[in-house]
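Here is how the chains run, residue by residue.
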Amino acid sequence: RVRAAVRGKALVMAHLSHVYPEGGCIYFSFAGKGDRAAYQATWAAALDAVVESGATVTHHHGVGELKAAAASAEVGAAVRGWQAAKAVFDPEGGMNTGRLFVPTTARSPHPVVDPAVDGVGPGESLWGFDPVEGEVLPWAREAWMAPWATVRGVVGGEDVSLGRAPRSASGPDLRGWLWRAGDDVTVSSATSHQGAGAAARFAVDAPWRAAQALLRADLRPALLEVEDGELCVGFRGPARADFLARAAEVLGVQGRPVAWRAPRRRGAGLVAVAEADARCVGVTSHHFLRPADATEDTWRT
């Protein structure tokens, strides 16, 4: 889309500068002729194409005046979350005024859905990762894990859709803010983006500790559960087979391929505990998770 948007204005060159489990950063360079107006028009067309495609315009080089409007259009009314954070760290408003975010209208490539009417929307529900005491994001296994997940809601009467790719590169994460912001902010759904998946079962000792080892190896499985005493691991996307092979290396045992399935929903809130037990239903890199209100007999099955 970027190439098509800039065609006729400049030569487009690009490479993948950074790669994350949930996507890569395409680093664009343009070469052309013209005055400042031509330069601005080229960048405006490119940034519009990025926003419309569902990607983020932000990355390690920051935002600045050139990208402020496009970055703000990614989040729309949820820019209030960024404003609140800036007010805490810069109460006098003297840092980068007008260069981080500006008033704008949201431009989301994803329709906001009402789960009561539309189900979970164009993806698998992530409500399975319910709030964990001490965790920042209710739909992630741990705060540093940033899956490509779309969180939809309403801020001050305006629909918003957060979670552009790659999430690891798109600035302060507003999805957690959306969850707990206030009376005029509501969350309607959280979904992961669908794609081809591959899964395998691994017969390992202490499967939940093995699951923890995968997270500590910086793998981010879309499916990480224990079934019948075996660890079930699954990945999505074009590199799914490579990730499964890497998981086998970390675990030191070959997995048995099984049909892909969506992760199970966990129900109500989870609590983090130091050791795995019969009630364990998940892990972070440092804790084991079990339902806050579950009995051992209920979750053993």
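Everything below is about the structure printed above this text.
Source: prediction; values computed, not measured.

Enquirer: Quick one: what's the story with the overall build of the chain, residue by residue and with numbers?
Expert: Helix and strand counts for the chain stand at nine helices and 13 strands. For the chain, with 301 residues in total, the buried portion stands at 41%. By element, 54% of the accessible surface of the chain is carried by carbon and sulfur atoms, the whole surface being about 15,300 Å².

Enquirer: Could you give an account of the side chain of Ser72, naming the residues involved and the relevant values?
Expert: Within the secondary structure, Ser72 is located in helix α3 (residues 64–75). With sequence-adjacent residues up to four places away left out, Ser72 is seen in contact with Phe101, Val102 and Thr104.

Enquirer: Explain the side chain of Lys86 to me, using residue names and the numbers behind them.
Expert: Position of Lys86 relative to the elements: it lies in helix α4 (residues 79–89). On the basis of relative accessible area, Lys86 is assigned to the buried category, the value being 19%. Residue contacts for Lys86: discarding those within four places in its chain leaves Pro91, Gly93, Met95, Leu100 and Phe101.

Enquirer: Explain the nonpolar core to me, and be specific about the residues and the numbers.
Expert: Of all hydrophobic cores here, the largest spans 23 residues; its most connected members are Phe202, Leu214, Leu224, Leu231, Val233, Leu251 and Val283. Secondary-structure elements contributing two or more residues to this core are β7 (197–202), α7 (207–216), β9 (230–236), α8 (240–251) and β11 (270–273). Ignoring anything within four residues of it in the chain, the contact list for Leu214 reads Leu219, Leu224, Leu231, Val233, Ala247, Val250 and Leu251. In terms of nonpolar packing, the next biggest core, distinct from the first, is built from 14 residues, Ala77, Ala78, Val151 and Leu178 among them.

Enquirer: Summarise α7; cite the residues concerned and give the values.
Expert: Burial runs high along α7: seven of the ten residues are buried. Three or more residues of α7 are buried, namely Pro207, Trp208, Ala210, Ala211, Gln212, Leu214 and Leu215. Residues of α7 that are buried make contact with β8 (223–227), β9, α8, β12 (282–283) and β13 (288–291). Directly after α7, the chain includes Asp218, whose backbone phi takes a positive value near 70°.

Enquirer: Give a description of the environment of Arg1 that names residues and reports values.
Expert: Looking at where Arg1 falls in the secondary structure, it is placed in the segment before α1 (2–6). Between the alpha carbons of Arg1 and Ala49 there is a distance of 5.7 Å; along the sequence they are 48 residues apart. If we skip the residues at most four places from it in the chain, Arg1 touches Ala49, Glu52 and Ser53.

Enquirer: Run through the pattern of salt bridges, naming residues and quoting values.
Expert: By the definition in use, this model includes eleven salt bridges. The closest approach of N and O atoms between Glu227 and Arg201, which form a salt bridge, is 2.5 Å. Residue Glu227 is located in strand β8, and its partner Arg201 is located in strand β7; the two are separated by 26 residues in the primary sequence. We note a salt bridge from Arg256 to Glu230, for which the minimum N-O separation is 3.2 Å. Of the two residues, Arg256 is situated in strand β10 (residues 256–258) and Glu230 in strand β9; the sequence distance between them amounts to 26 residues. Here the residues in one salt-bridge network are Arg201, Glu225, Glu227, Asp228, Glu230, Arg256 and Arg261, joined through shared partners.

Enquirer: So what's going on with a nonpolar patch on the surface? Which residues, and what values?
Expert: Among the surface-exposed residues, Leu16, Val19 and Ile26 lie close enough to one another that they form a single nonpolar patch of about 320 Å² accessible area. Take Ile26: it is sitting in strand β2 (residues 23–31). Take Ile26: its relative accessible area is 48%, and that puts it in the partly exposed class.

Enquirer: Please give an account of the environment of Thr97 that cites residues and values.
Expert: Relative to the elements of secondary structure, Thr97 occurs in the loop between α4 and α5 (115–118). Sequence separation between Thr97 and Glu65 is 32 residues; the distance between their C-alpha atoms is 9.5 Å.

Enquirer: So what's going on with the packing of aromatic side chains? Which residues, and what values?
Expert: Tallied over the full model, the rule gives four aromatic pairs. Look at Phe28 and Phe30: their rings are 6.3 Å apart centre to centre, the planes differ by 35°, and that puts the pair in the tilted class.

Calculation rules
Residues numbered from 1 in each chain as written. Predicted model: local features only at pLDDT ≥ 70, side-chain atom pairs only at ≥ 80, totals over all residues. Heavy atoms only, no water. Helix = DSSP H or I, 4+ residues; strand = E, 2+ residues; numbered from the N terminus. Buried < 20%, exposed > 50% of the residue type's maximum accessible area, 1.4 Å probe, protein only. Areas by Shrake-Rupley, 256 points an atom, 1.4 Å probe, with all protein chains shown as cover. Contact = heavy atoms within 4.5 Å. Core = buried A, V, L, I, M, F, W, Y, C linked by side-chain atoms within 4.5 Å. Salt bridge = Lys/Arg side-chain N within 4 Å of Asp/Glu carboxyl O. Patch = residues over 30% accessible without salt bridge, like charges linked within 9 Å, V, L, I, M, F, W, Y side chains within 5 Å. Phe/Tyr/Trp six-rings, centres within 6.5 Å; stacked < 30°, edge-to-face > 60°.

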